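Structural features, examined
Listed here are the chains, written in short residue letters.
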Amino acid sequence: MPDRLSVVVTRRLPEPVETRLGELFNVTLNETDVPMSRDALAEAMKGADVLVSTLTDEIDQRMLAQAGDRLKLIANYGAGFDHIDVATARQRGVLVTNTPGVLTDDTADMTMALILAVPRRLKEGAAKMQSGEWDGWSPLGMIGHRVTGKRLGIVGMGRIGQAVARRAKAFGMQIHYHNRKRLHADIENGLEATYWESLDQMLARTDVISINCPHTPATYHLLSARRLKLLKPTAYVVNTARGEIVDENALIRMLKAGEIAGAALDVFENEAAVSPELRDLPNVMLLPHMGSATVEGRVEMGEKVLINIKTFADGHRPPDQVLPSML
Ligand code: DGY
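Here the structure is a predicted model, which is why all the values come from computation and not from measurement.

Before going further, it helps to examine the layout of surface pockets. Of the voids in this model, the second largest pocket is the one considered here, and its volume is about 380 Å³. In this structure, the second largest pocket is lined by 17 residues; those nearest its centre are Leu55, Thr56, Glu244, Glu271 and Ala272. Class assignment for the residues of the lining of the second largest pocket results in 4 nonpolar, 5 polar and 8 charged.

Right, here's the structure in full:
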């Protein structure tokens, strides 16, 4: 292993993170912060020991085939790693790490904000004020729906799903969840949560659905057109996980037809492209993939990246290694 690892960072990171990376390693930064083209990324992977990637880098089999022999670690800046072909990386002897845990609360806060925002019509209310159209209070003005007492169905009850459940419980919502594995009874009891082995059955019985599972081959279009049709017409869909988990075209069709009451989406199927049809719907709130966007969280993500690279450089297994079996 060389004295100082050569590290390529594909996007701008918070200043303290970039500074510390520079102190520890031979770092090449992407000063422009424009996502790297495939050619630029391939070039970067030829000469680097470590690549610090983000979800805007598609590191698939073809990309990995072009990597140089030096590349030994992809230290992803982010929890989700569905943009990296972890199995191929492993075959080529390249470790992959991520940054779990530090963005749980921020993402859960944003999810809760969206769970409140759509039934209570925050987007429409804010737009009315900004356009200067508001002419005062009225008994029927801007009436939305109460979340207290409603059933929240959480799809994916990992760290973020559980953090959403804690918040929603505090707002008086009834917690329902679907997960590959049922939670330990202590956690379930603490949340007063109801487990549904059958996602279909849960979807038909809940008022708000929150997507909080990772995107894997098994969860691609988990909310398919068929499953979305199981939702009540009064239901809302909130997605702060990954766009690919919901069949976005089917969702748009149903929102337009009034077959679902509304949706709040922080993530999209073909980011950064956002369907104009979604933008035009009044009962849809869109955010630019900002669930984890806090200064504190982004610095902590950087610290995780630093620890993963440093541990690797010191000859140890990085703490946040991800494996193909985790998909
Ligand atoms: C992640 O870490 O995967 C998030 O989606 C980025 O905020």
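When the parts come together, some accessible area is lost, and that loss is often what is quoted as the size of the interface. Partitioning the protein chain into domains gives domain 1 (6–102 + 295–326) and domain 2 (104–286). If you average the C-alpha positions of domain 1 and of domain 2, the two centres end up 31 Å apart. At the junction of the two partners, domain 1 supplies 7 residues and domain 2 supplies 7 residues. Regarding the contact of domain 1 and domain 2, the summed buried area is about 590 Å², with carbon and sulfur atoms giving 34% of it. For the pair domain 1 and domain 2, the number of links is 1 salt bridge. Asp82 is the partner of Arg242 in a salt bridge, and the nearest nitrogen-oxygen pair spans 3.2 Å. In this assembly, domain 1 and domain 2 are joined by 3 residue pairs in polar contact (both at pLDDT 80 or more).

So, about the sheet that holds strand β10 (residues 236–239). Reading across the sheet, the 7 strands line up as β8-β7-β6-β9-β10-β11-β12 and stay open at both edges, with parallel pairing between neighbours. Two strands close off the open sheet at either side, each with one partner strand: β8 (194–195) and β12 (284–286). Both strand β6 (residues 151–155) and strand β9 (residues 208–211) contribute to a ladder of 4 bridges, which runs parallel. Its bridge partner being in β9, Leu152 is matched across the sheet by Val208. In the packing of helix α7 (residues 159–170) onto the sheet, contacts are made with β6, β7 (174–178) and β9, and the angle to β6 comes to roughly 170 degrees.

Contacts to the ligand come from Leu55, Gly78, Ala79, Gly80, Leu103, Arg242, His289, Ser292 and Arg298. Gly80 places a main-chain nitrogen or oxygen 2.8 Å from an oxygen atom of the ligand. Contact distances for the ligand include 2.8 Å between an oxygen atom and a side-chain N or O atom of His289. Across the complex, the protein chains shield 87% of the 230 Å² of accessible surface that the ligand would expose by itself.

Looking now at helix α13 (residues 295–313). The end-to-end C-alpha distance of α13 is 27 Å, a good match for the 27 Å that 19 residues give at a rise of 1.5 Å each. By the burial criterion, the buried members of α13 are Gly297, Met301, Gly302, Val305, Leu306, Asn308, Ile309, Thr311 and Phe312. Check the buried side of α13 and you find it contacts β1 (6–9), α1 (15–24), β3 (50–52), β4 (73–75), β5 (95–97) and α5 (104–117). In the stretch just after α13, Gly315 is the one whose phi turns positive, near 90 degrees.

What follows covers the pattern of salt bridges. This structure, assessed with the given rule, holds 20 salt bridges. Where Asp33 meets Arg11, a salt bridge forms, and the shortest distance between an N and an O atom there is 3.0 Å. Placement of the pair is Asp33 in the loop between β2 (26–28) and α2 (38–47) and Arg11 in the loop between β1 and α1, with a sequence separation of 22 residues. For Glu124, the salt bridge identified is with Arg121, shortest N-O distance 3.0 Å.

Let us now look at the packing of aromatic side chains. Following the criterion strictly, the structure yields 1 aromatic pair and no others. For the pair Tyr177 and Tyr195, a centre-to-centre distance of 5.1 Å together with 45 degrees between the ring planes defines the contact as tilted. Of the two residues, Tyr177 is situated in strand β7 and Tyr195 in strand β8; the sequence distance between them amounts to 18 residues. Grouping residues by exposure puts Tyr177 and Tyr195 together as buried.

Another aspect to go through is the sheet that holds β3. With parallel pairing, 5 strands are arranged side by side in an open sheet as β2-β1-β3-β4-β5. Bordering the open sheet on either side are β2 and β5, each of which pairs with just one other strand. On average, each strand axis in the sheet is inclined to that of its neighbour by 20 degrees, with strand direction left out of account. Bridge analysis of β1 against β2 gives 3 bridges, and the strand direction is parallel. Residue pairing in the sheet places Val7 in a bridge with Val27 of β2.

Thresholds applied
Residues numbered from 1 in each chain as written. Predicted model: local features only at pLDDT ≥ 70, side-chain atom pairs only at ≥ 80, totals over all residues. Heavy atoms only, no water. 1 Å grid on protein atoms, 1.4 Å probe; cavity = no way out; pocket = protein on both sides within 12 Å on 5 of 7 lines; lining within 4 Å. Points joined across faces, edges and corners; volume = space filled by probe spheres on them. Nonpolar A, V, L, I, M, F, W, Y, C, P; charged D, E, K, R; others polar. Domains from an automatic or database assignment. Contact = heavy atoms within 4.5 Å. Buried area = accessible area lost by both parts, 1.4 Å probe. Salt bridge = Lys/Arg side-chain N within 4 Å of Asp/Glu carboxyl O. Polar contact = N/O pair within 3.5 Å; in protein donor to acceptor, adjacent residues only side chain to side chain. Pairing = 2+ DSSP bridges. Helix = DSSP H or I, 4+ residues; strand = E, 2+ residues; numbered from the N terminus. Axes fitted to C-alpha atoms, helices over the stretch in contact; angles between N-to-C directions. Near = heavy atom within 4 Å. Areas by Shrake-Rupley, 256 points an atom, 1.4 Å probe, with all protein chains shown as cover. Expected span 1.5 Å × (residues − 1). Buried < 20%, exposed > 50% of the residue type's maximum accessible area, 1.4 Å probe, protein only. Phe/Tyr/Trp six-rings, centres within 6.5 Å; stacked < 30°, edge-to-face > 60°.

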